[in-house]
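Residues per chain are reported as follows:
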Amino acid sequence: MPVRRRKHVLVTAGPTREHVDPVRYLTNESSGRMGFELAAAAARAGHRVTLIAGPVHLPTPRGVTRIDVVSARDMLRSTRRAFRGVDALFMCAAVADWRPLRKRAGKWRKENELQEVAKIELRRNPDILATLARRKGQRLVVGFALETGAGEARARAKLRRKNADFVVLNDERALGAMRTSIVLLGRDGSRQEFLGRTKRAVAEMLVRLVPQK
Ligand code: C5P
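Only a predicted model underlies this, so the values are computations on that prediction, with no experimental measurement involved.

## Structural notes on the overall build of the protein
Piece 1. Scanning the protein from terminus to terminus reveals five helices and 12 strands.
Piece 2. Computed over C-alpha atoms, the radius of gyration of the protein comes to 18 Å, within 12% of the 17 Å expected from 2.2 N^0.38 for 213 residues, which places it in the range of a compact globule.
Piece 3. Looking at the protein as a whole, 47% of its 213 residues are labelled buried.
Piece 4. Considering only residue pairs separated by 6 or more positions, the protein has 63% of its internal contacts joining residues 24 or more positions apart.
Piece 5. Here the protein displays about 12300 Å² of accessible surface, and carbon together with sulfur accounts for 48% of that area.
Piece 6. Here the protein carries 45 positive and 21 negative side-chain charges, and the mean point of each set is 7 Å from the other.

Encoded structure:
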C-alpha cells in the first residue's frame, strides 16, 4: 500500500571490495539481497529511493536509483553525498573493516619460487555509519549488525556507539539466504524479534520505520 507521505530513502547494500592489486581483492560473503529487498520495498511503498550498491549480481529494483561502488572509501563518498538530501538511511552494506595499506600498481608477484609466506598489511576503513550518523539531525538511521552467537549486547553497544536509531541484529545464516531471523533493537530500549521471515517481509516491516510526519 503506498505511503501517505513520500520520503527520500537511502539504502546501502552488498559487500565492498578492497583491492590488493589490479586483479585481487579482499571482500566478504554479503549477497546484497537484504538491501535490495529494502530498496524494492521502499519503492513499492511510494518512497523515492537511492540504492548504493557494492559489487553484487542483482538486478536494480523497479523505481530505484542505483549507484554502484567498489571500495569502502567509494561507498563513504557516495553515501555522504546522498545523505545530505534524504529522510532515512538504511546502512545494510557489509563494509570491509580493513583495506590493504597500499594497492600495488602491478600484479603482486612471488619474490622467488621458494617463498612460502607473504604478508598483506591492512589499514582500518572509515566507519560510514558512525561518520554520517554523528550529525544525523532528524534523519532516521538504521544500522545492521551481523553477530555470531549471542550478539545482542554487542549490537546494543553498536547502536549507541554509532548513534543509530535502530540496529537490526542477524547472524551468519542470513548470508545469501532468502529467509532471515532478526532482532530489531531501538535506541529507546525497544526490542522486537522476527523469526524465519522472508527478507521481503523483513524489508516491508523495516520500511514502516520511516517517519510519516
Ligand atoms: O561494526 P560492524 O561492522 O558490525 O557494524 C555494522 C554496521 O555498521 C552496518 O550497518 C554497516 O553497514 C556499518 N558499517 C559501516 N562502515 C564500516 C563498517 C560497518 O558503515 N566500516
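Let us keep going from here.
## Digging into the site of the ligand
Piece 1. Taken together, Met91, Ala93, Val95, Asp97, Pro126, Asp127, Ile128, Leu129, Gly143, Phe144, Lys158 and Lys162 make up the full set of residues near the ligand.
Piece 2. Backbone polar atom of Met91 to an oxygen atom of the ligand: 2.7 Å apart, as the coordinates give it.
Piece 3. One of the backbone N or O atoms of Phe144 is found 2.9 Å from an oxygen atom in the ligand.
Piece 4. Relative to its unbound accessible area of 450 Å², the ligand is 86% covered by the protein chains.

## Some thoughts on the environment of Ala42
Piece 1. Considering the arrangement of structural elements, one finds Ala42 in helix H1 (residues 33-44).
Piece 2. Judged by its relative accessible area of 1%, Ala42 falls in the buried class.
Piece 3. Residues within four places of Ala42 in sequence aside, it is in contact with Val9, His47, Val49 and Val207.

## A short note on the nonpolar core
Here is a general trend for soluble globular proteins: nonpolar side chains tend to be buried in one another's company.
Piece 1. Formed by 34 residues in total, the largest nonpolar core has its most connected members in Leu38, Phe90 and Leu206.
Piece 2. When residues of this core are traced back to their parent elements, those giving at least two are strand S1 (8-13), H1, strand S4 (48-53), strand S6 (88-91), strand S9 (140-146), strand S10 (166-170), strand S11 (179-186) and helix H5 (199-207).
Piece 3. Here this core takes seven residues from H1, the largest share from any one element.
Piece 4. Ranked by size, the runner-up nonpolar core spans 24 residues in total, among them Val69, Leu132, Ala145 and Val183.

## Examining the pairing of S11
Piece 1. Counted residue by residue, S11 has six buried out of eight residues, so it is predominantly covered.
Piece 2. Bridge count for S10 against S11 is four bridges, and the pairing is antiparallel. Looking across to S11, one finds that Val168 is bridged to Leu184.
Piece 3. Counted along the chain from S11 to the antiparallel partner strand S12 (residues 191-198), the turn is four residues long, and its residue Gly189 has a positive phi close to 95 degrees.

## Observations regarding the pattern of salt bridges
Piece 1. By the definition in use, this model includes 12 salt bridges.
Piece 2. One salt bridge connects Lys162 with Asp127, and the closest N-O pair in it is separated by 2.7 Å. With Lys162 in the loop between helix H4 (152-161) and S10 and Asp127 in the loop between strand S8 (122-124) and helix H3 (128-133), this pair connects stretches of sequence that are 35 residues apart.
Piece 3. Between Arg191 and Glu193 there is a salt bridge whose closest N-O contact spans 2.9 Å.
Piece 4. Taking relative accessible area as the criterion, Arg191 reaches 41% and is therefore assigned partly exposed.
Piece 5. Residue classification places Glu193 among the partly exposed residues on the basis of a relative accessible area of 42%.
Piece 6. Among the charged side chains, a salt-bridge network with shared partners connects Arg44, Arg200 and Glu204.

## Focus on the side chain of Arg139
Piece 1. Residue position: Arg139 is located in the loop between H3 and S9.
Piece 2. Among buried charged residues, Arg139 stands out as having no salt bridge; its nearest opposite-charge side chain is Asp87, 8.0 Å away.
Piece 3. A polar atom in the side chain of Arg139 sits 2.8 Å from the backbone oxygen of Phe83.
Piece 4. Those residues in contact with Arg139, other than ones at most four positions away along the chain, are Phe83, Arg84, Val86, Asp87 and Asp165.

Thresholds, definitions, all that
Each residue is numbered by its place in its chain's sequence as written, counting from 1. Only residues with pLDDT of 70 or above have their local features reported here, since the model is predicted, and side-chain atom pairs are shown and tallied only from 80 upward, although totals for entire chains, interfaces and linings are computed over all residues. As a rule here, side-chain values cover all heavy atoms of the structure and leave hydrogens and water aside. Elements are defined by DSSP. Helices are runs of H or I of four residues or more, strands are runs of E of two residues or more, and each kind is numbered from the N terminus. C-alpha atoms define the radius of gyration in this analysis, and the globule rule sets the expected value at 2.2 Å times the number of residues to the power 0.38. Only protein chains enter the accessibility calculation, which uses a 1.4 Å probe. A residue is then buried if its area is under 20% of the maximum for its type, exposed if over 50%, and partly exposed in between. Contact criterion: two residues are considered in contact whenever any of their non-hydrogen atoms come within 4.5 Å of each other. The accessible surface values rely on the Shrake-Rupley method and a 1.4 Å probe; as for residues, cover is taken only from the protein chains in view. When charges are counted, Lys and Arg are positive and Asp and Glu negative, with His and the chain ends excluded. Here the site of a charge means atom NZ of a Lys, CZ of an Arg, CG of an Asp or CD of a Glu. Neighbouring residues are identified by heavy atoms, a residue being near a molecule or strand if any of them is within 4 Å of it. N or O atoms closer than or at 3.5 Å make up a polar contact, with two conditions inside protein: a donor-capable atom paired with an acceptor-capable one, and, for residues adjacent in sequence, both atoms drawn from side chains. Residues grouped as a nonpolar core are buried Ala, Val, Leu, Ile, Met, Phe, Trp, Tyr and Cys residues, joined through side-chain atoms within 4.5 Å. DSSP calls a pair of strands paired once it identifies at least 2 bridges connecting them. Salt-bridge detection follows one rule: a side-chain nitrogen of Lys or Arg within 4 Å of a carboxyl oxygen of Asp or Glu.

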